[in-house]
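Okay, here's what each chain looks like letter by letter:
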Amino acid sequence: MLEQFKKIKSSALSAIHLVKNLADLEVLENKLLGRKNGELTGLLKGLKDLSSEEKRIVGQAANDVKQAIESAWAEKKLELSRVEWVKSSEKESVDVTQSALPLSKCGHFHPITLVKNKLEDLFISMGFMVLDGPELESDYYNFTAVNIPANHPARDMQDTFYIKKHPNWLLRTQTSSVQVRAMQKYEAPMRAIVPGRCFRNESTDARHEHTLYQIEGVVIDHGINFSNMKAVLEEVVKNLYGAETKLRLRPKYYPFVEPGVNGEITCVLCAGKGCRVCKQSGWLEIFGAGLIHPNVLKEGGIDSKKYQGFAFGFGLDRLVMLKYGIDEIRVLKSGEMKFLEQF
Ligand code: DAH
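Below is a short write-up of the structure. It should be emphasised that the depicted structure is a prediction, and the values quoted were computed from it without experimental measurement.

### Some points on the state of the cysteines
Each disulfide consists of one covalent bond between the sulfur atoms belonging to two cysteines. In the structure shown here, the tally under the stated rule is zero disulfides. No disulfide involves Cys270; its nearest neighbouring cysteine sulfur is the one of Cys267, lying 3.6 Å away. Cys270 sits in the buried class, given a relative accessible area of 12%. Of all cysteine sulfurs, the one in Cys278 lies closest to Cys275, which takes part in no disulfide; the gap is 3.7 Å.

### What to know about the site of the ligand
Taken together, 16 residues are adjacent to the ligand, and Gln174, Ser176, Arg200, Gln214 and Glu216 come closest. One of the side-chain nitrogen or oxygen atoms of Gln174 is found 2.7 Å away from a nitrogen atom of the ligand. The contact in question runs from an oxygen atom of the ligand to an N or O atom on the side chain of Arg200, over 3.0 Å. When isolated, the ligand has an accessible area of 360 Å², and the protein chains bury 91% of it.

### Here's the deal with the side chain of Glu264
Checked against the element boundaries, Glu264 lands in strand β8 (residues 257–266). Overall, the relative accessible area of 6% leaves Glu264 in the buried class. Sequence-distant contacts of Glu264, that is, excluding residues within four places in its chain, are made with Lys246, Leu247, Arg248, Arg250, Trp283, Leu284 and Glu285.

### Notes on the nonpolar core
Formed by 43 residues in total, the largest nonpolar core has its most connected members in Leu119, Phe123, Ile286, Phe312, Phe314 and Leu319. Listed by contribution, the elements that provide at least two residues to this core are α5 (111–125), β6 (211–221), α8 (226–241), β8, β9 (283–292), β10 (308–315), α10 (316–324) and α11 (337–340). Here this core takes seven residues from α8, the largest share from any one element.

### Focus on unusual backbone geometry
Leaving glycine out, the prevailing phi sign among residues is negative, and the prevailing peptide bond configuration is trans. The peptide bond linking Ala188 to Pro189 adopts the cis configuration, its omega dihedral lying at -5°. Summarising the element assignment, Pro189 is placed in the loop between α7 (178–186) and β5 (190–199). Cis geometry marks the peptide bond from Glu258 to Pro259; its omega dihedral reads -5°. Positive phi outside glycine occurs at Asn147, with the angle close to 70°. With respect to the helices and strands, Asn147 occurs in the loop between α6 (139–142) and β3 (162–163). Look at Asn151: it is not a glycine, yet its phi comes out positive at around 75°. Locating Asn151 in the fold gives a position in the loop between α6 and β3. Exposure remark for Asn151: the relative accessible area of 78% places this residue in the exposed category.

### Description of the packing of aromatic side chains
Applying the stated criterion across every chain yields a total of nine aromatic pairs. Where Phe123 meets Phe312, the ring centres are 5.6 Å apart and the plane angle is 20°; that geometry is what we call stacked. Of this pair, Phe123 sits in helix α5 while Phe312 sits in strand β10, and the two are 189 residues apart along the sequence. Looking at Phe123, the relative accessible area reads 1%, which means it is buried. For Phe312, a relative accessible area of 1% translates into the label buried. Relative to Phe256, the ring of Tyr254 has its centre 6.1 Å away and its plane inclined at 20°; by these criteria the two rings are stacked. Taken together, the aromatic side chains of Phe123, Phe128, Phe287, Phe310, Phe312 and Phe314 make up a single cluster linked through ring pairs. The ring of Tyr141 carries Arg181 above its face, with NZ or CZ at 4.2 Å from the centroid.

What counts, and where the lines are drawn
- Residues numbered from 1 in each chain as written.
- Predicted model: local features only at pLDDT ≥ 70, side-chain atom pairs only at ≥ 80, totals over all residues.
- Heavy atoms only, no water.
- Disulfide = S-S within 2.5 Å.
- Buried < 20%, exposed > 50% of the residue type's maximum accessible area, 1.4 Å probe, protein only.
- Near = heavy atom within 4 Å.
- Polar contact = N/O pair within 3.5 Å; in protein donor to acceptor, adjacent residues only side chain to side chain.
- Areas by Shrake-Rupley, 256 points an atom, 1.4 Å probe, with all protein chains shown as cover.
- Helix = DSSP H or I, 4+ residues; strand = E, 2+ residues; numbered from the N terminus.
- Contact = heavy atoms within 4.5 Å.
- Core = buried A, V, L, I, M, F, W, Y, C linked by side-chain atoms within 4.5 Å.
- Phe/Tyr/Trp six-rings, centres within 6.5 Å; stacked < 30°, edge-to-face > 60°.
- Lys NZ or Arg CZ within 6 Å of the ring centre and 35° of its normal.

Below you can see the structure in the form of structure tokens.
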């Protein structure tokens, strides 16, 4: 039996040595080591018929043979894998004359992103930071911190989605929720805008959606006044809708500002003459703004005797609708290709 093992060893090692590719190596592996008909496996099976003394001697030799074959096999496999990998990578080539994908196959930005990017560029040019804030917000930052305490009637205007088992968590109704977060983090003086998604418990129609986008703005510095605010906002509306656009501010109550205003521009569809969209008034309401209420500055850790500020909030969906003449807010998030392909 010892003889047989020796013979198998030398024939196996020379066969392995001669193999030229991985496929042949696999065939050889089966022939030698295969579970059912492998030559070596068959011989090893015969060990069980030997006496225990013989088993000790022959078993040891069998083991050495098996190991020698297996390691020669593993080494050969590594060598052949390398060779085949090099061969296959040589076959790969790059055809530099092939034309690029047709441009119509590429995606493009959503109209909300287009307007958001344009406004971000403008505000950055005026020295503003662009900030982000959580959509899942605390009751505190969304309401209490911006001067809308629990049970305040202003909460009724902004019903939202609350989280079961977490009574203090909600989906933010306004990007004003980032005002106090920004003050606490960056302190005064500060200029920042916060574009972002907000949510309201609304029944939807052509002008209302449960998910909407806003851009909030906050400026805090020494001696900030209403004229500073109007100058910045005029720049924004002219940049968006053209230099001929006029802006007017009319008093409106917002809990986080005092005094508060409602910003209106000359209707971009009828140039102020009066039409269905502006309800024949010639004016369109596009933002809320005002001088930041001292209570809000205080929550943000800012001394309202030293610093003043203004804040504003645009409904981004509305800006987009006016810019592109869209009369149905729900198409914006519909994913409708016929609509999206127009931008
Ligand atoms: N957060 C307000 C809303 O969602 C919009 C707004 C109004 C923001 C006045 C302001 C502001 O910063 O001063 O209706």
